[in-house]
Amino acid sequence: MKVLASAPGKVTLFGEHAVVYGYPALVVAIERRVYAFAESREDNVIKISAKDLRVPGIVISYIGSEVVLETDYGMVLPAIAYINKAIELTSKYLGSRKGVNIEIKSEMPVGAGLGTSAAVAISTIAAYAVANGHSLDKEEIARIGWEVEKEVQGIASPMDTSITSLGGYLRIKYGKSTVERARLNVGTELPLIIGYVEREAKTKDMVAMVRERLERYPDIYSDIMKLIGQVVSRAEGSLLSGDLSELGFLMNLNHSLLDALGVSTRRLNELVNVARDSGAYGAKLTGAGGGGCVIALVPEKGEVVETAMRLHGSMVMRTKLGAEGVRIERTE
Ligand code: MEV
């Protein structure tokens, strides 16, 4: 049997990092997807190929326990860890393990902070389950995906796996035993530009660094987290009422607090400033930081901001927001 599944990337509008400590975050699925193609095999071997994850033409294969590298391109190997774990945990959940060839393709650079790891895990779970003779609903896929992220990363909130499973715009908050997700009906398309600068550190390391600082300076860091939570609450109202200038102001505030947490970099700060100086309502890093992506909220088409961000040397992406969550594209 052959199955093609896909899941969207995301941008965190507000609240990354603080979401790990029980504060709410606002997140949106983007129209750039990861595709997982699963083909069942007669034997019980799992073969994983990751193709075009960053630069067209890269192929990395994982056969049994052997990794075959045709190039050593940076962030691709961690993506394979998510695929491997997704198959392991889905087999466990289904109580059945079957041999499968899995091929992954991405319309976004992996490891950029656009939730590719979660989209890789979620599309793999959906495709593998169908190839294994089962179908899972979005909630089940999201739950298994979160377990995958926690096992691979050590610490993870259910934010990325929820948004790539369910799609749209979500407010998400989780506690010890609860995950609260609310769909947000955002009426107008937000004029957002995404700029990408090279990643210097992985999500796992950024999340661990924040935890260490929180343990070392609990009084200071827990206040920063609390402030981020307050910014998120205000931002939800501005998002729903479409108040772009207030949203921009709150994005700037959120960025400063992320910088205070220590997750921004010189290049991210420069990109944020370039966007603001060329007319954006506001700009902030999005995702775990340590390099990666900046989002800028721009007036109208925002060509001036886009050009300024390109001139700064960042890769710029435009994409539709509020994309559909995980889906099965076709089966044969
Ligand atoms: C990573 O996309 C977002 C973080 O908040 C980590 C997490 O929520 O698991 C930094």
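With that settled, consider the site of the ligand. Lys10, Glu16, His17, Val19, Val20, Ala156, Ser157, Met159, Asp160, Val207 and Ala288 make up every residue found near the ligand. Separating an oxygen atom of the ligand from a side-chain N or O atom of Lys10 is a distance of 2.9 Å. The backbone of His17 places a nitrogen or oxygen atom 2.9 Å from an oxygen atom of the ligand. Protein contacts shield 97% of the accessible area of the ligand, which totals 300 Å² for the unbound molecule. Residue composition of the shell around the ligand, by class: 6 nonpolar, 2 polar and 3 charged.

As a further point, take the domain arrangement of the chain. Domain boundaries in the chain define domain 1 (2-185 + 322-331) and domain 2 (192-317). Taking only C-alpha atoms, the centre of domain 1 and the centre of domain 2 are 24 Å apart. At the interface, 30 residues of domain 1 touch 41 residues of domain 2. Contact between domain 1 and domain 2 buries roughly 3,000 Å² in total, counting both sides, with carbon and sulfur atoms accounting for 70%.

Pairing of strand E1 (residues 2-14) with strand E2 (residues 25-40), which is carried by 12 bridges, proceeds in the antiparallel orientation. Along E2, the bridge assignment pairs Thr12 with Val27. Pairing geometry for E2 and strand E6 (residues 100-106), over 7 bridges, is antiparallel. Bridge pairing in E6 links Phe37 to Glu103.

Relative to the 20 Å expected for 14 residues at 1.5 Å per residue, helix H5 (residues 203-216) spans 20 Å between its end C-alpha atoms, a close match to the ideal helical length. Among all positions in H5, only Met206, Val207, Met209, Val210 and Leu214 are buried. Down the axis of H5, the smallest arc covering the buried residues is 155 degrees, so these residues share one side. Exposed residues on H5 whose side chains face more than 90 degrees from its buried face are Glu212, Glu215 and Arg216.

Attention shifts here to the environment of Leu247. Take Leu247: it is sitting in helix H7 (residues 244-261). Relative accessible area serves as the criterion here: at 2%, Leu247 is assigned to the buried category. Separated by 217 residues in the primary sequence, Leu247 and Ile30 place their C-alpha atoms 19 Å from one another. Ignoring sequence-local partners within four residues, the contact set of Leu247 consists of Phe14, Leu190, Ala235, Ser238, Leu239 and Leu297.

Along the chain, Tyr35 turns up in strand E2. Not counting residues up to four positions away in its chain, the partners in contact with Tyr35 are Leu4, Ala5, Ser6, Glu103, Ile104, Lys105, Glu107, Ser123 and Glu329.

On to the packing of H5 against helix H6 (residues 218-241), then. Where H5 contacts H6, the axes come no closer than 5 Å and their chain directions differ by 125 degrees. The pairing of H5 with H6 is recorded here as oblique in orientation. Here H5 contributes Val210, Arg213, Leu214, Glu215 and Arg216 to the contact with H6, which in turn contributes Pro218, Tyr221, Ser222 and Met225. Considering only residue class, the contact of H5 with H6 consists of 5 nonpolar, 1 polar and 3 charged.

Before going further, it helps to spend a moment on the sheet that holds strand E10 (residues 282-286). Across the sheet, which stays open at both edges, the 4 strands sit in the order E10-E11-E9-E12 with antiparallel pairing between neighbours. Each having just a single partner strand, E10 and strand E12 (315-317) make up the two edges of the open sheet. The sheet shows a mean angle of 25 degrees between the axes of neighbouring strands, direction not considered. This element, H7, spans strand E9 (192-197), E10 and strand E11 (292-297) of the sheet and lies at about 45 degrees to E10.

With that settled, consider the packing of helix H8 (residues 266-277) against helix H9 (residues 303-311). It is at 8 Å that the axes of H8 and H9 come closest, and there the two elements cross at 150 degrees. The angle between the axes of H8 and H9 places the two elements in the roughly antiparallel class. Handedness of the H8/H9 crossing: right-handed. On H9, the residues that touch Leu271, Val274 and Ala275 of H8 are Val305, Ala308 and Met309. Among the residues forming the contact of H8 with H9, the class breakdown is 6 nonpolar, no polar and no charged.

Leaving glycine aside, a negative phi is the common case for residues, and trans is the common case for peptide bonds. Positive phi, close to 70 degrees, is recorded for His17, a residue that is not glycine. By the element assignment, His17 lies in the loop between E1 and E2.

Mean pLDDT over the chain stands at 91; residues scoring 70 or higher make up 92%. With pLDDT under 50 throughout, residues 55-61 is counted as low confidence; its partners more than four residues away or in other chains account for 27 contacts. Per-residue pLDDT stays below 50 along residues 67-72; that stretch engages in 13 contacts with residues further than four places along the chain or on separate chains.

What follows concerns the nonpolar core. Counting residues in each nonpolar core, the largest one holds 91 residues, and the members touching the most others are Leu13 and Phe14. Counting contributing residues per domain, this core is built from domain 1 (2-185 + 322-331) and domain 2 (192-317), each supplying no fewer than three. Trp146, Ile163, Tyr174 and Ala323 belong to the second-largest nonpolar core, a separate cluster that totals 16 residues.

Calculation rules
Every chain is numbered on its own, with residues counted from 1 as its sequence reads. The model is predicted, so local features are restricted to residues of pLDDT at least 70 and side-chain atom pairs to those at 80 or more, both for listing and for counting; the totals for chains, interfaces and linings are taken over all residues. Heavy atoms throughout the structure, all of them, feed into the side-chain values; hydrogens and water do not. Here, proximity means that at least one heavy atom of the residue falls within 4 Å of the molecule or strand. Between N or O atoms, a polar contact is any pair within 3.5 Å; within protein, one atom must be a potential hydrogen donor and the other a potential acceptor, and residues adjacent in sequence are included only when both atoms are from side chains. Residue burial considers only the protein chains on display, and all accessible areas are found by Shrake-Rupley using a 1.4 Å probe. Three classes are used, and their members are as follows: Ala, Val, Leu, Ile, Met, Phe, Trp, Tyr, Cys and Pro are nonpolar, Asp, Glu, Lys and Arg are charged, and the others, Gly among them, are polar. Residue ranges for the domains originate in an automatic or database domain assignment. When checking whether two residues touch, look at their non-hydrogen atoms; a contact exists if any pair is within 4.5 Å. A 1.4 Å probe defines the accessible area here, and the buried area is the portion of it lost by two parts on being joined, summed over both. Any two strands are treated as partners once DSSP identifies two or more bridges connecting them. Secondary structure is summarised from DSSP: a helix means a run of H or I of at least four residues, a strand means a run of E of at least two, and numbering begins at the N terminus for each. Any helix carries an expected span of 1.5 Å times its number of residues minus one. Whether a residue is buried, partly exposed or exposed follows from its accessible area with a 1.4 Å probe, protein chains only, as a fraction of its type maximum: under 20%, in between, or over 50%, in that order. What the arc describes is the spread of directions from the helix axis to the C-beta atoms. A fitted line through C-alpha atoms represents every axis, and for helices the fit uses only the stretch in contact; the resulting angles, taken between N-to-C directions, go from 0 to 180 degrees. Orientation labels follow simple angle bins: below 35 degrees gives roughly parallel, above 145 gives roughly antiparallel, 65 to 115 gives roughly perpendicular, and whatever is left gives oblique. When the near helix sits turned anticlockwise from the far one by under a right angle, the crossing is termed left-handed; a clockwise turn instead gives a right-handed crossing. Per residue, pLDDT measures the predictor's confidence, with a range of 0 to 100. What is meant by a nonpolar core is a set of buried Ala, Val, Leu, Ile, Met, Phe, Trp, Tyr and Cys residues, joined one to another through side-chain atoms within 4.5 Å.

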